[in-house]
Amino acid sequence: MLDQARELVRAELAESQPRRFSHLQGACRRAEAAAPLFSAEDGRLLVVTALVHDVGYCDSARETGFHPLDGARFLAERGYPARLCDLVAHHSCARLEADLRGLGSELSQWTDERSELRDALWWADMTTSPDGEVVTFKERVAEIQARYGPEDLVSRFIRAAGPELRGAVERTETRLAGLR
Ligand SMILES: [Fe+2]
């Protein structure tokens, strides 16, 4: 599945949205570092999910304009496992942003598994810059707010989601510290 996912994101994003493509590569590297927290099967799922979590930004996935939802549908249509699609739909506290966009009921058709693996996916996203570099959670949030401006819906979302996102990041970092 990893090779198939690599080919998908390359085809859909490498040329048209190179920054997003870099972000996905970076998040995938973060996921590889967290994979030892899980069984071999779950570790592989985490890595593939991190690699495709933002594929909903690509032109061929665009439907609602809300990338977690568009990405989950796009991947489900291509036969990716239901659990992976659920994780993509709910990545990085998408539920709160869906509510702000009036898409809460559509998102609720997907399941947030609220697990350690889901936390690790959120951590991978929230500690990877748009260019794919490793950043702190604080730097990531500050960059999003600077990029969108304080009044934008995305900035309002990130303020509202802060505690939940930070919780997932801190829980994962505690688990990772236990690995060493
Ligand atoms: Fe992301």
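Above: the structure in question.
Not measured: the values here are computed from a predicted model.

Peer 1: I would appreciate a short explanation of the coordination of the iron ion in the present structure.
Peer 2: Coordination angles at a metal have ideal targets, namely 109.5 degrees for four tetrahedral donors and 90 or 180 degrees for six octahedral donors. Coordination of the iron ion by the protein comes from H23 (NE2), H53 (NE2), D54 (OD) and D125 (OD), over a distance range of 2.1 to 2.3 Å. In this structure, the iron ion is coordinated by 4 donor atoms arranged in irregular fashion, with angles at the metal of 80 to 172 degrees.

Peer 1: Sorry if this is basic, but what is going on with helix α5 (residues 82-89) here?
Peer 2: The buried count for α5 comes to 6 of 8 residues, which makes it a mostly enclosed element. For α5, every residue scored as buried is listed here: L84, C85, D86, L87, V88 and A89. On its buried side, α5 packs onto α3 (40-52), α4 (67-77), α6 (94-100), α7 (104-107) and α8 (116-126).

Peer 1: Would you explain the packing of helix α2 (residues 18-34) against α8 in this entry?
Peer 2: Interhelical geometry of α2 versus α8 gives an angle of 135 degrees and a closest axis separation of 8 Å. It follows from the interaxial angle that α2 and α8 lie oblique. For the element pair α2 and α8, the recorded crossing hand is right-handed. For the pair α2 and α8, contact is made by H23, A27, R30, A31 and A34 and by A120, W123, A124 and D125, respectively. Partitioning the contact of α2 with α8 into residue classes produces 6 nonpolar, 1 polar and 2 charged.

Peer 1: Mind showing me how you'd approach the pattern of salt bridges here?
Peer 2: Side chains bearing opposite charge may pair, as long as their charged atoms lie close to each other. Going through the model one piece at a time under the given rule, you end up with 17 salt bridges. Notably, a salt bridge pairs R118 with D119, separated by 3.0 Å at the nearest N-O pair. Residue classification places R118 among the buried residues on the basis of a relative accessible area of 5%. Across the salt bridge formed by R140 and D125, the nearest N and O atoms sit 3.0 Å from each other. Highlighted residues: R140 in helix α9 (residues 137-148) and D125 in helix α8, separated in sequence by 15 residues. Assessed through its relative accessible area of 7%, R140 is described here as buried. The class for D125 is buried, based on a relative accessible area of 6%.

Peer 1: Which parts of the structure should I look at to understand the packing of helix α1 (residues 2-14) against α3?
Peer 2: When two helices pack together, their arrangement is given by the angle between the helix axes and by the axis-to-axis distance. For the pair α1 and α3, the least separation of the axes is 9 Å and the interaxial angle reads 5 degrees. By the angle between their axes, α1 is roughly parallel relative to α3. On the side of α1, the interface is formed by L2, A5, R6 and V9, while α3 contributes V47, V48, L51 and V52. A class-by-class count of the residues in the contact of α1 with α3 yields 7 nonpolar, no polar and 1 charged.

Definitions and cut-offs
Each chain has its residues counted from 1, following the order in which its sequence is written. In view of the model being predicted, local features appear only for residues whose pLDDT reaches at least 70, and side-chain atom pairs are presented and counted only at 80 or more, with totals across whole chains, interfaces and linings using the full set of residues. Computation of side-chain values: all heavy atoms of the structure, hydrogens and water removed. Because water is not among the atoms used, a metal site may look incomplete, as its donors are only the N, O and S atoms within 2.8 Å, or 3.2 Å for Na, K and Ca. Metal sites are grouped by the angles between bound donors: all angles between 85 and 135 degrees with four donors is tetrahedral, opposite donors over 155 degrees apart with the others between 65 and 115 is square planar for four donors and octahedral for six, and any other pattern is irregular. Only protein chains enter the accessibility calculation, which uses a 1.4 Å probe; a residue is then buried when its area is under 20% of its type maximum, exposed when over 50%, and partly exposed in between. Only DSSP runs of H or I reaching four residues or more are called helices, and only runs of E reaching two or more are called strands; each is numbered from the N terminus. Pairs of residues are marked as contacts when any of their non-hydrogen atoms sit within 4.5 Å. For every element, the axis is a line fit to its C-alpha atoms; helices are fit only across the contacting stretch, and the angle between N-to-C directions ranges from 0 to 180 degrees. Roughly parallel means an angle under 35 degrees; roughly antiparallel, over 145; roughly perpendicular, 65 to 115; everything else is oblique. Rotating anticlockwise by less than a right angle from the far helix to the near helix defines a left-handed crossing, while the corresponding clockwise rotation defines a right-handed one. Here the nonpolar group is Ala, Val, Leu, Ile, Met, Phe, Trp, Tyr, Cys and Pro; Asp, Glu, Lys and Arg are the charged ones; every other residue, Gly included, is treated as polar. Salt bridge, as applied in this entry: a Lys or Arg side-chain nitrogen positioned within 4 Å of an Asp or Glu carboxyl oxygen.

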